[in-house]
Each structure stands twice: as structure tokens, then as C-alpha cells.
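Now for the letters of each chain:
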Amino acid sequence: MACPSIDSLRPFLGSVPKHPGSSYYSKPTWQPICRIFATKAVAETEATFGFKNLMETLTVNVRRAQSRPLNVPLIAPFTIASSRLDRVENVAIRIELDNGCVGWGEAPILPFVTAEDQLIAMAKAREVCQLLRSSPPMTLAAVLGEVGEVLHGHEVASVRAGVEMALIDAAANSIGIPLWRLFGGVSNAITTDITIPIVSPAEAAELASKYRKQGFTTLKLKVGKNLKADMEVLQAIREAHPNCSFVLDANEGYKPREAVEVLEKLHEMGVIPALFEQPVHRDDWEGLGYVTHVAKNKYGVSVAADESCRSLADLKKIVEADLADVVNIKLAKVGVLGALEIIEVARASELNLMIGGMVETRLAMGFAGHLAAGLGCFKHIDLDTPLLLSEDPVLEGYEVFGAVYKFTNARGHGGFLHWDSAE
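As a convention, each chain's residues are numbered from 1 in the sequence order in which they are written. With pLDDT at 70 or above as the cut-off, local features in this predicted model cover only qualifying residues; side-chain atom pairs require 80 or more to be listed or tallied, and sums for whole chains, interfaces and linings still use all residues. Side-chain measures here rest on the full set of heavy atoms in the structure, leaving out hydrogens and waters.

1. Some words on the sheet that holds strand S2 (residues 62-79)
And then number 1: DSSP calls a pair of strands paired once it identifies at least 2 bridges connecting them. Think of it this way: any DSSP run of H or I at least four residues long counts as a helix, any run of E at least two long counts as a strand, and we number them from the N terminus. The strand order across the open sheet formed by three strands is S2-S3-S4, and the pairing between neighbours is antiparallel. Looking at the sheet topology across the chains shown, the edges are occupied by S2 and strand S4 (102-107). Averaged over all pairs of adjacent strands, the angle between strand axes in this sheet comes to 20 degrees, irrespective of strand direction.
And then number 2: Where S2 and strand S3 (residues 84-97) come together, 13 bridges link them in antiparallel fashion. Across the sheet, residue Gln 66 finds its bridge partner in S3, namely Arg 94.
And then number 3: Across the face of the sheet, helix H7 (residues 157-174) comes into contact with S2, S3 and S4 while running at roughly 160 degrees to S4. Whenever a helix is involved, its axis is fitted only over the stretch in contact; in every case the axis is a line through C-alpha atoms, and angles between N-to-C directions fall within 0 to 180 degrees. Every residue pair with non-hydrogen atoms within 4.5 Å of one another is taken to be in contact.

2. Topic: the nonpolar core
And then number 1: By convention a nonpolar core is built from buried Ala, Val, Leu, Ile, Met, Phe, Trp, Tyr and Cys residues, the set being connected through side-chain atoms within 4.5 Å. Accessibility here uses a 1.4 Å probe with only protein chains present; expressed as a share of the type maximum, an area under 20% marks a residue as buried, one over 50% as exposed, and anything in between as partly exposed. Counting residues in each nonpolar core, the largest one holds 138 residues, and the members touching the most others are Ile 95, Val 163, Leu 167, Ile 237, Phe 276 and Phe 378.
And then number 2: When residues of this core are assigned to their parent elements, the largest contribution, ten residues, is made by H7.
And then number 3: Setting aside residues no more than four positions away along its own chain, Phe 276 makes contact with Leu 248, Ala 250, Tyr 254, Ala 259, Val 262, Leu 263, Val 291, Val 301, Ser 302, Val 303 and Ala 304.
And then number 4: Core analysis: the next-biggest nonpolar cluster, separate from the first, contains five residues, Val 247, Leu 275, Ala 304 and Val 326 among them.

3. Points about helix H14 (residues 331-348)
And then number 1: To estimate the expected span of a helix, count its residues, drop one, and scale the result by 1.5 Å. Under the 1.5 Å per step criterion, the end-to-end length of H14 is only 20 Å for 18 residues, more than 12% shorter than the ideal 26 Å.
And then number 2: Along H14, the largest kink reaches about 85 degrees and is centred on Leu 337.
And then number 3: The set of residues buried in H14 consists of Leu 331, Ala 332, Lys 333, Val 334, Gly 335, Val 336, Gly 338, Ala 339, Leu 340, Ile 342, Ile 343 and Ala 346.
And then number 4: Each element contacted by the buried residues of H14 is listed here: helix H4 (51-57), H7, helix H13 (312-321), strand S12 (326-329), strand S13 (352-355) and helix H15 (362-375).
And then number 5: Following H14 by one or two positions, Glu 350 has its phi on the positive side, about 65 degrees. Note that bend, as reported per residue, equals the angle between axes fitted to the 7 residues terminating at that residue and the 7 residues originating from it.

4. Notes on the environment of Asn 243
And then number 1: You can see Asn 243 is positioned in the loop between helix H10 (227-240) and strand S9 (245-249).
And then number 2: Given the relative accessible area of 72%, Asn 243 is considered exposed.
And then number 3: Separated by 31 residues in the primary sequence, Asn 243 and Arg 212 place their C-alpha atoms 9.1 Å from one another.

5. As for the packing of aromatic side chains
And then number 1: The rule is short: rings of Phe, Tyr and Trp, with Trp giving its six-membered ring, pair when the centres are within 6.5 Å, and they are stacked under 30 degrees, edge-to-face over 60, tilted in between. Enumeration over the complete set of coordinates arrives at seven aromatic pairs.
And then number 2: Geometrically, the ring pair formed by Tyr 211 and Phe 216 is edge-to-face, given 5.8 Å between the ring centres and 70 degrees between the ring planes.
And then number 3: With relative accessibility at 5%, the residue Tyr 211 sits in the buried group.
And then number 4: Ring geometry for Tyr 398 and Phe 407: centres 5.7 Å apart, planes at 65 degrees, overall edge-to-face. Taken as a pair, Tyr 398 and Phe 407 share a single burial class, namely buried.

6. Some details on the packing of helix H5 (residues 118-134) against helix H6 (residues 140-150)
And then number 1: At a minimum axis distance of 11 Å, the contact between H5 and H6 shows a crossing angle of 145 degrees. The chirality of how H5 crosses H6 is right-handed. When H5 is examined against H6, the residues Glu 127, Val 128, Leu 131 and Leu 132 are found in contact with a partner set consisting of Val 143, Glu 146, Val 147 and Val 150.
And then number 2: Polar here means any residue outside two lists: the nonpolar Ala, Val, Leu, Ile, Met, Phe, Trp, Tyr, Cys and Pro, and the charged Asp, Glu, Lys and Arg; Gly therefore counts as polar. Taken together, the residues of the contact of H5 with H6 break down into six nonpolar, no polar and two charged. Working rule for handedness: look at the near helix, and if it is turned counterclockwise from the far one by less than a right angle, call the crossing left-handed; if clockwise, right-handed.

Next comes the structure, spelled out in C-alpha cells:
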């Protein structure tokens with residue numbers, strides 16, 4: 001691969017301020033070009049590249065764009081208030097540029113949460129891959145703009161996210177840096193919670209004990225199907241892991257009065273959850289605001305909007321009416337570019353941020369993790385789903401140390417599939 005000229009790289013060489021307030025588009029300062037292109041130096045360089053500068057300056061020419069099903073069994077069924085999943089049935093995206101650099105993305109499919117099923121996602125992925133293969137060389141911003149026009153709106157957001165991931169990963173590979181540096185370089189590690197789905201009290205206690213031994217200090221408990229059963233499970237978890245923090249996620253399962261009753265019962269038990277996520281139906285704006293008001297003013301508990309925040313318009317409604325304290329950013333809901341836009345507005349509005357996923361492998365989780373580490377602005381991190389899979393189809397990528405994910409200086413997000421063996 002021929003090295004780009006120094007003039008073509010000059011707009012995005014440099015380092016971004018390494019503090020939580022730094023923006024993903026912070027302007028860089030210059031670094032010596034020789035530090036970038038020597039193979040050994042790529043891993044050692046402190047250079048950080050601003051994503052917005054890369055978007056506007058780097059020209060990409062797609063040589064190959066492909067998609068395939070990505071099917072992986074779960075260790076156990078993943079049951080939430082709105083659905084049950086027995087295996088991951090996602091879509092993998094592989095994009096190769098004319099310089100030989102490859103990027104990887106994943107479109108996660110979670111019934112009743114994402115709008116697409118796997119068949120629809122595959123059809124849309126094939127369509128956009130054909131577009132990319134036939135497109136002339138253009139800036140990264142322009143090609144992502146074309147993808148956004150073809151895959152517009154929430155109905156195809158998961159596929160849009162997967163394609164955007166692959167293109168951005170390929171671009172980061174082209175300039176030899178990890179994604180966490182591209183997105184701001186605040187940190188190279190994150191600490192995640194881990195999820196206990198809707199199960200029996202005995203199963204929940206067993207999982208809580210297992211996760212305590214593995215070093216997880218925050219457990220995310222799926223609730224919302226049966227209030228009495230939810231309280232029994234919570235009590236069992238407290239006995240097995242008495243010092244853990246709780247995130248309660250109802251996935252739209254409660255009526256507003258039921259959600260408040262949950263908080264009342266927790267108060268009687270002496271439990272203050274770290275977060276109460278999506279307590280009511282996504283379109284019940286009045287109910288969301290009511291629960292948020294009671295939770296904050298009576299019990300000191302923050303409420304997060306997840307399914308209720310699927311667009312920038314949703315976020316603005318939440319901000320203007322003070323409907324939630326936290327918004328959950330998921331790339332599969334809004335795409336990568338949409339997520340960055342929502343993050344920027346949420347931070348300006350002084351909302352706290354959470355980052356989560358659907359049920360993904362380490363391809364999508366790796367990308368989201370790099371984004372979270374690089375930006376350094378997320379109060380709650382919920383990127384655990386690869387730990388719930390019975391197999392890991394992703395090679396290399398981030399390193400896992402219990403609840404801690406560490407991101408290396410490998411280019412892009414560093415993970416990839418054996419494409420010939422992908423299902």
C-alpha cells in the first residue's frame with residue numbers, strides 16, 4: 001500500500017485534549033509524519049486523529065463490500081419484558097478499500113426493539129453494499145451521506161449502523177490508528193455492567209454469585225413482566241451479591257403506577273437503584289415524565305430513556321419537557337453518526353449518558369466500546385452482551401478482564417471474522 005502524502009494527512013494529524021469535556025471533532029495539533037507510518041511506531045504513537053477532520057478530508061474508494069448472516073448461540077435464553085432470544089441472528093458487514101484496508105461492522109437484530117429482522121437486514125445490506133461497490137472515490141463524509149440516504153430512518157437504523165461501523169473502521173485502518181484515539185483519546189478502557197435476564201430467583205442468585213466472583217460490581221436486572229416476581233428476584237440477587245449496584249431495566253414493561261410501586265417497594269427494602277431504565281412504553285411520554293419526577297424528587301433515583309430515544313427529535317422532546325435524567329445511546333437505534341449527534345446535544349443539555357447495545361458480538365460491542373472510551377463521557381456503560389454468548393466468532397479485538405475491556409493500539413477496532421467460515 002502506498003503511503004498517503006503528508007499534505008493529504010495534515011488536517012488530521014495531532015492530539016486531542018485528553019479530558020472528558022473534549023469533543024470528538026476537537027482540532028488536532030501536528031505530529032511528525034514518520035511516527036505514523038513505521039509499523040512499530042503505529043502502535044507507539046501518541047497521535048490522535050479528529051473524527052470530523054477525517055470525515056471531511058480522507059477519500060475512500062470501496063473495492064469490495066459484502067454482508068453475511070452472523071449467527072451465534074447464547075449460553076441461555078435472553079428474556080426481557082418484550083421478547084425472548086435464544087440465539088444471535090445478526091448481519092456482519094465487511095468493507096475493503098482499494099488500498100487493501102478492511103473494516104468490519106455488525107447489524108444487531110433484537111425482535112421488538114430493532115425494526116428489522118435478519119431477512120430484511122440482509123436485503124438492505126446487500127443493497128447498500130452494491131451501492132458502495134459502484135460508487136466513485138469520495139470523502140468519508142460523502143460516502144456516509146450516501147449510505148444515510150439509502151438507509152434512512154429508524155426502520156433500517158441497525159443496518160445503517162453496521163455499514164457505518166465498517167466504513168469508519170476501514171478508514172481508521174487506512175491511517176493506522178485505533179478507534180478510541182479517533183473518537184477523542186480520553187481513555188483506552190471501560191468498565192461494563194452485566195445483565196441478568198428475566199429468570200427465576202434461584203437462577204438469578206446463581207448468576208449474581210458467578211458475576212460477583214468475576215469482579216462485576218454493577219448488575220443490570222431485566223424486569224417488567226411480573227412485579228411480584230421482579231421483587232423476589234431482586235431480593236435473591238441482594239443475598240447473593242449484597243454489595244452490588246443495580247440498574248433496573250423494564251424494557252417498557254410497566255404502567256406508570258406500577259413503576260412507581262417498584263420504587264416504593266425498593267425503598268422499603270432499603271435499595272436505591274443506580275438507574276431505572278425505560279420503565280414505561282416508548283410512546284407514553286406523560287408516563288415517562290411522571291415516573292421521572294417521582295423517582296428523582298421522592299427517591300433520588302435517575303430514570304433513563306432507551307426505547308423512547310430513537311432519534312434526535314425524541315431527544316429534544318425529552319430535554320424540553322424534562323422527561324428523563326439519562327439517555328441510553330445505542331448505535332443500532334440511530335447509527336454511528338446519529339449517535340454522535342445525539343451525544344453532542346445531550347451533553348450540551350446536561351443530560352447524563354448511558355451506552356448500551358442490543359445483543360451483539362464483539363464486532364459491534366468493540367466499536368461501541370472504543371467510542372465510549374474515546375469520548376469518556378458516559379456515566380453508565382452496558383456493553384456486556386458478548387459475555388452472554390456461548391461462542392466468540394471474533395478474532396483479536398479488545399481484551400476482557402472481568403468487567404473491564406481494554407483497547408489496544410491495534411488499528412480500527414482490531415476485531416475481525418474468518419470470513420469464509422462466517423455463517
